[in-house]
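Each chain is listed here by its residues.
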Amino acid sequence: MTRHGAEHVLAETADRLGARHPDLDVSADQVIGRPAEALLSATEQAEVLVMGSRGLGVLGGFLAGSVSTPVIARAERPVVVVRLGGRVEDGAGGSPASSRYLDVVLGLDLSRPCDELISYAFEAATARAAGLRVIHGWTAPAVFDHDPAAADPGHRVARGLREASVLTDVLRPWRGAFPEVEVTEQCVVGRAAHHLVDASSNASLLVVGRRIRRAPFATHVGPVTHAVLHHAAAPVAVVPHL
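Everything numeric here is computed off the predicted structure, so don't read it as measured data.

**Looking at the nonpolar core**
Phase 1: One finds Leu 106, Leu 108, Phe 122, Leu 132 and Val 207 to be the most contacted residues of the largest nonpolar core, which totals 26 residues.
Phase 2: With seven residues, the single largest contributor to this core is helix α4 (residues 115–128).
Phase 3: Among all residues touching Phe 122, those that are not within four sequence positions of it are Leu 132, Leu 171, Trp 174, Arg 175, Phe 178, Val 181 and Val 183.
Phase 4: Formed by 25 residues, the second largest nonpolar core is a distinct cluster that contains Leu 40, Leu 49, Ala 75 and Val 81.

Structural data, given as structure tokens:
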């Protein structure tokens with residue numbers, strides 16, 4: 001596409017968005033340089049970066065490519081990825097029932113339940129007047145472990161109760177800070193990514209975290225984040241944290 005053609009597309013897009021959202025100040029800029037570097041530079045003065053992604057189809061999900069992968073891996077602001085042709089809830093139109101947002105889903109690792117991630121999820125649910133579903137996945141010990149308790153079904157039940165109790169304790173102050181948000185807690189056994197992808201089919205937004213790594217050419221986003229970016233049905237917000 002020529003530079004003139006790109007300018008025309010940008011202007012047309014800005015006009016369309018401005019007409020749809022008259023309360024927003026919409027502007028468009030064309031910059032010269034590598035797309036990933038330009039986007040990372042833009043995040044320095046932004047609250048959130050929103051990126052589109054060509055999908056791999058209904059089953060394939062997101063395609064994190066040469067631009068999106070390094071941006072997600074290096075950005076120090078939240079990045080929201082929206083798949084082309086995917087379902088996006090905008091809370092507009094229809095009857096009161098149809099104008100409600102679906103739940104926001106948060107994937108939470110209790111080994112590092114960082115404030116930035118939890119705060120983002122609660123604020124996203126508040127902005128949508130939606131519920132918040134918090135999913136924590138844990139792995140049951142293998143029955144062939146040296147620990148004899150691993151083969152005891154009661155051990156697995158007790159472990160599940162402990163995980164659920166810890167999740168409740170972590171979320172208690174956030175429930176108090178956001179009393180208007182209806183929170184559902186889920187402690188699930190198995191790979192967290194699988195459960196999050198499944199939950200995304202009935203969500204307006206899926207929120208996951210990514211540890212900040214300041215290596216200049218970092219491309220690692222973590223196994224759970226990588227999985228949901230490729231397979232989630234809903235937009236995915238990746239929140240960086242230390």
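**Let's talk about the sheet that holds strand β2 (residues 79–83)**
Phase 1: Pairing is mixed across the open sheet formed by seven strands, whose spatial order is β1-β2-β7-β6-β3-β4-β5. Pairing within the sheet leaves two strands with one partner each, and these edge strands are β1 (49–53) and β5 (183–189). Taking the axes of each pair of neighbouring strands and ignoring which way they run, one obtains an average angle of 25° across the sheet.
Phase 2: Packing of α4 onto the sheet brings it into contact with β2, β3 (103–107), β4 (132–138), β5, β6 (203–211) and β7 (236–241), and relative to β6 it is tilted by some 165°.

**Some thoughts on the pattern of salt bridges**
Phase 1: The tally for this structure, following the rule as stated, stands at six salt bridges.
Phase 2: A salt bridge links Asp 103 to Arg 133, with the shortest nitrogen-to-oxygen separation between them at 4.0 Å. Of this pair, Asp 103 sits in strand β3 while Arg 133 sits in strand β4; the two residues are 30 residues apart in sequence, bridging distant segments of the chain.
Phase 3: What makes Asp 103 partly exposed here is its relative accessible area of 25%.
Phase 4: With relative accessibility at 14%, the residue Arg 133 sits in the buried group.
Phase 5: Here Arg 175 makes a salt bridge to Glu 185, at a shortest N to O gap of 2.9 Å.

**What about the packing of aromatic side chains?**
Phase 1: Summed over the entire model, instances satisfying the criterion amount to two aromatic pairs.
Phase 2: With centroids separated by 6.1 Å and ring planes inclined at 20°, the aromatic side chains of Phe 122 and Trp 174 adopt a geometry described as stacked. Taken together, the residues Phe 122 in helix α4 and Trp 174 in helix α5 (residues 153–177) connect sequence positions 52 residues apart. We note that Phe 122, like Trp 174, is buried.
Phase 3: The ring of Tyr 101 carries the charged tip of Arg 128 above its face, separated from the ring centre by 5.8 Å.

**Notes on the side chain of Arg 210**
Phase 1: Inspection of the secondary structure puts Arg 210 in strand β6.
Phase 2: At 2.8 Å, the side chain of Arg 210 and the backbone oxygen of Ala 73 are in polar contact.
Phase 3: From its side chain, Arg 210 meets the backbone oxygen of Ala 75 in a polar contact 2.4 Å long.
Phase 4: In this view, Arg 210 contacts Ile 72, Ala 73, Arg 74, Ala 75, His 220, Val 221, Val 238, Val 239, Pro 240 and His 241; residues no more than four positions away in its chain are not counted.

**Overview of the environment of His 231**
Phase 1: Residue position: His 231 is located in helix α7 (residues 223–231).
Phase 2: A residue is classified by how much of its surface remains accessible, and His 231, at 43% relative accessible area, is partly exposed.

**Remarks on helix α6 (residues 192–200)**
Phase 1: Those residues of α6 not exposed but buried are Ala 193, Leu 196, Ala 199 and Ser 200. Take α6 and look down its axis: the buried residues cluster within an arc of 130°, on one side only. In α6, the exposed positions angled more than 90 degrees off the buried face are occupied by His 194 and Asp 198.
Phase 2: Where α6 is buried, its residues meet β3, β4, β6 and α7.

**Looking at unusual backbone geometry**
Most peptide bonds are trans, and most residues other than glycine sit at a negative phi.
Phase 1: Positive phi, normally seen in glycine, also occurs at Ala 129, with a value near 50°.
Phase 2: The topology assignment puts Ala 129 in the loop between α4 and β4.
Phase 3: Residue Ala 129 is classed as exposed on the basis of its relative accessible area, which comes to 68%.

**Let's talk about the confidence of the model for the protein**
Phase 1: Mean pLDDT over the protein works out to 83, with 80% of the residues at or above the 70 mark.
Phase 2: This stretch, residues 56–64, has a pLDDT under 50; its non-local contacts, to residues over four places away or in other chains, come to 30 contacts.
Phase 3: Note that residues 92–98 has pLDDT below 50 and, in this model, two contacts with residues that lie over four places away or in other chains.

**Considerations on helix α2 (residues 35–43)**
Within an α-helix, residues lying three or four positions from one another point in the same direction, as the helix has 3.6 residues per turn.
Phase 1: Listed as buried for α2 are Ala 36, Leu 40 and Thr 43. Down the axis of α2, the buried side of the element spans an arc of 55°, and every buried residue falls inside it.
Phase 2: Next to the buried residues of α2 lie β1 and α3 (68–74).

Calculation criteria
Residues numbered from 1 in each chain as written. Predicted model: local features only at pLDDT ≥ 70, side-chain atom pairs only at ≥ 80, totals over all residues. Heavy atoms only, no water. Core = buried A, V, L, I, M, F, W, Y, C linked by side-chain atoms within 4.5 Å. Buried < 20%, exposed > 50% of the residue type's maximum accessible area, 1.4 Å probe, protein only. Helix = DSSP H or I, 4+ residues; strand = E, 2+ residues; numbered from the N terminus. Contact = heavy atoms within 4.5 Å. Pairing = 2+ DSSP bridges. Axes fitted to C-alpha atoms, helices over the stretch in contact; angles between N-to-C directions. Salt bridge = Lys/Arg side-chain N within 4 Å of Asp/Glu carboxyl O. Phe/Tyr/Trp six-rings, centres within 6.5 Å; stacked < 30°, edge-to-face > 60°. Lys NZ or Arg CZ within 6 Å of the ring centre and 35° of its normal. Polar contact = N/O pair within 3.5 Å; in protein donor to acceptor, adjacent residues only side chain to side chain. Arc of directions from axis to C-beta. pLDDT = per-residue confidence, 0-100.

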